[in-house]
Amino acid sequence: AINGAPILDEDGEVSKVVFTLEDYTDRKIQHDELVAALAREQQLAEVKSSIISTISHEFRTPLTIMMTSLGILGMKYGSTVEEGFTNRIEGIEKQIKHLDEMLNDVTFINKSNSVGHTLKVNPVDLPSFFSQMSEEIHIAFPDRPPLVVTGNCQGFQVETDILMLQQIFMNLFSNAVKYSNGKEPAICEYACDGQNLSVSVSDCGIGIPEDSLETIFDVFQRADNVGNISGTGLGLAIVRRALDVLGGTISVESTEGEGSTFRVSIPVRCVEAV
Ligand code: ADP
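Since the model is a prediction, treat every value here as computed from it, not as a measurement.

Caption draft 1: How the structure looks around the site of the ligand. Among the 20 residues in the neighbourhood of the ligand, the closest are listed as Asn175, Tyr179, Arg222, Thr232 and Leu236. Here an oxygen atom of the ligand and a backbone polar atom of Thr232 are 2.8 Å apart. Backbone polar atom of Leu236 to an oxygen atom of the ligand: 2.8 Å apart, as the coordinates give it. In isolation the ligand offers 530 Å² of accessible surface; the protein chains occlude 98% of this area. Considering only residue class, the shell around the ligand consists of 9 nonpolar, 8 polar and 3 charged.

Caption draft 2: Spatial organisation of unusual backbone geometry. For Gln154, which is not a glycine, the phi torsion comes out positive at approximately 45 degrees. Among the secondary structure elements, Gln154 is positioned in the loop between strand S4 (147–152) and strand S5 (156–160). For Gln154, a relative accessible area of 46% corresponds to the partly exposed category. Of note, the phi angle at Phe220 is positive, near 60 degrees, even though the residue is not glycine. Tracing the sequence through the fold places Phe220 in the loop between strand S7 (196–203) and helix H5 (235–246).

Caption draft 3: Layout of the sheet that holds strand S10 (residues 269–272). With respect to topology, 3 strands assemble into an open sheet ordered S3-S5-S10, the strand pairing being antiparallel. The strands lining the two open edges of the sheet, one partner per strand, are strand S3 (122–124) and S10. Ignoring which end each strand starts from, the neighbouring axes of this sheet average 40 degrees apart. Sheet analysis places S3 next to S5, joined by 3 bridges and oriented antiparallel. Following the sheet pairing, Val124 is matched in S5 by Val158.

Caption draft 4: Quick peek at the packing of helix H3 (residues 126–140) against helix H4 (residues 162–178). The geometry of H3 relative to H4 is characterised by a closest axis approach of 10 Å and an angle of 45 degrees between their N-to-C directions. Of the possible angle classes, the one that applies to H3 and H4 is oblique. Along this stretch, H3 crosses H4, giving a crossing that reads as right-handed. Within the contact between the two elements, H3 uses Leu126, Phe129, Phe130, Met133, Ser134, Glu136 and Ile137 and H4 uses Ile162, Leu165, Gln166, Phe169, Met170, Phe173, Ser174 and Val177. Tallied by class, residues from the contact of H3 with H4 come to 11 nonpolar, 3 polar and 1 charged.

Caption draft 5: Molecular detail of the packing of aromatic side chains. Per the counting criterion, the structure on display carries 7 aromatic pairs. Measuring from ring centre to ring centre gives 6.4 Å for Phe129 and Phe169, while their planes differ by 75 degrees; the resulting arrangement is edge-to-face. With Phe129 in helix H3 and Phe169 in helix H4, this pair connects stretches of sequence that are 40 residues apart. Accessibility expressed as a relative area gives 0% for Phe169, which makes it buried. For the pair Phe130 and Phe169, a centre-to-centre distance of 5.2 Å together with 75 degrees between the ring planes defines the contact as edge-to-face. In this pair, Phe130 sits in helix H3 while Phe169 sits in helix H4, placing the two residues 39 residues apart along the sequence. Each member of the pair, Phe130 together with Phe169, is buried. Ring pairing ties together the aromatic residues Phe129, Phe130, Phe169, Phe173 and Tyr190, which thus form one cluster.

Caption draft 6: Up close: the packing of H4 against H5. Between H4 and H5, whose axes approach to 9 Å, the crossing angle comes to 150 degrees. The orientation of H4 with respect to H5, classified from their angle, is roughly antiparallel. The hand of the H4/H5 crossing is left-handed. Contact residues: H4 offers Met164, Leu165, Gln167, Ile168, Asn171, Leu172 and Asn175, while H5 offers Gly235, Leu236, Ile238, Val239, Ala242, Leu243, Val245 and Leu246. Residue classes in the contact of H4 with H5 are distributed as 11 nonpolar, 4 polar and no charged.

Caption draft 7: Representation of helix H1 (residues 25–77) within the structure. Under the 1.5 Å per step criterion, the end-to-end length of H1 is 77 Å for 53 residues, consistent within 8% with the ideal 78 Å. Turning to H1, its buried residues number three or more, namely Ser49, Ser56, Leu63 and Leu70.

Caption draft 8: Expanded view of the nonpolar core. In terms of nonpolar packing, the biggest core is built from 43 residues, with Leu126, Phe169 and Ile266 touching the most fellow members. Where this core is concerned, the elements lending two or more residues are helix H2 (85–113), H3, S5, H4, strand S6 (186–192), S7, H5 and strand S9 (259–267). Here this core gets 8 residues from one element, more than from any other, and that element is H4. In this structure, Leu63, Leu70, Ile89 and Ile96 belong to the second largest nonpolar core, which totals 5 residues.

Reading the values: the criteria
Residues numbered from 1 in each chain as written. Predicted model: local features only at pLDDT ≥ 70, side-chain atom pairs only at ≥ 80, totals over all residues. Heavy atoms only, no water. Near = heavy atom within 4 Å. Polar contact = N/O pair within 3.5 Å; in protein donor to acceptor, adjacent residues only side chain to side chain. Areas by Shrake-Rupley, 256 points an atom, 1.4 Å probe, with all protein chains shown as cover. Nonpolar A, V, L, I, M, F, W, Y, C, P; charged D, E, K, R; others polar. Helix = DSSP H or I, 4+ residues; strand = E, 2+ residues; numbered from the N terminus. Buried < 20%, exposed > 50% of the residue type's maximum accessible area, 1.4 Å probe, protein only. Pairing = 2+ DSSP bridges. Axes fitted to C-alpha atoms, helices over the stretch in contact; angles between N-to-C directions. Parallel < 35°, antiparallel > 145°, perpendicular 65-115°, else oblique. Left-handed = near helix turned anticlockwise from the far one by under 90°. Contact = heavy atoms within 4.5 Å. Phe/Tyr/Trp six-rings, centres within 6.5 Å; stacked < 30°, edge-to-face > 60°. Expected span 1.5 Å × (residues − 1). Core = buried A, V, L, I, M, F, W, Y, C linked by side-chain atoms within 4.5 Å.

Take a look at the structure:
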């Protein structure tokens, strides 16, 4: 590139013109390399995403067949064969359900990575949403401390995508209960200020080691203090993706051995309730 600038004499007349000549070749090469790398990255992401969706799809059919066949076996022989048969059938069904849930989780993450989700914004009755969620958690973890929900919507009718809310709070609630120890209940507090829904989910559980706080939102990352508490390392990745879709944020404070608090803020459409 060539740039010119006039130099004026005492009378303000142009006496000289200075030209600078800059060689942008290196910068151009760098730019082109960057663009090519970006294109390769995108291509790779697309290939990865289509492999994941093909695998998920291919897994689902055999899983459904296994589930149906087990149901038939259970019905046909359950009462006639040796003791323990039904237990085994139920054990296998449980494992199949677990695989199916994992496939759902991976599919959700994969989908939000690639084509994205289309938001379906509808009025959500938050008090009944949260109490239903906590009831479901209690059914899923009957031996764990309960999750107590408090809060109110300050007279607002909230509108958002309920499926995304379910993804977020099902995972945060089940973690709070799953990683609790002792009998202290986990606590969820929510509030709405007319623009944002703010929710905190706290537990007095095993806590998260400081060096894991950065990574727990990444797929398949689990802290090393989880012991034999089962999990896949997908829940918080799903929470983060769902929040990305809603334009929300999440933060975590935790002390190992004492407990954790996750704070979520979600922009929502609010209408004054009549
Ligand atoms: P997982 O299926 O392992 O629970 P998540 O993605 O939901 O997967 O969480 C990732 C990791 O973050 C967990 O394995 C655990 O180490 C940590 N974690 C998440 N929530 C809590 C919590 N409430 N208390 C303690 N550790 C937690």
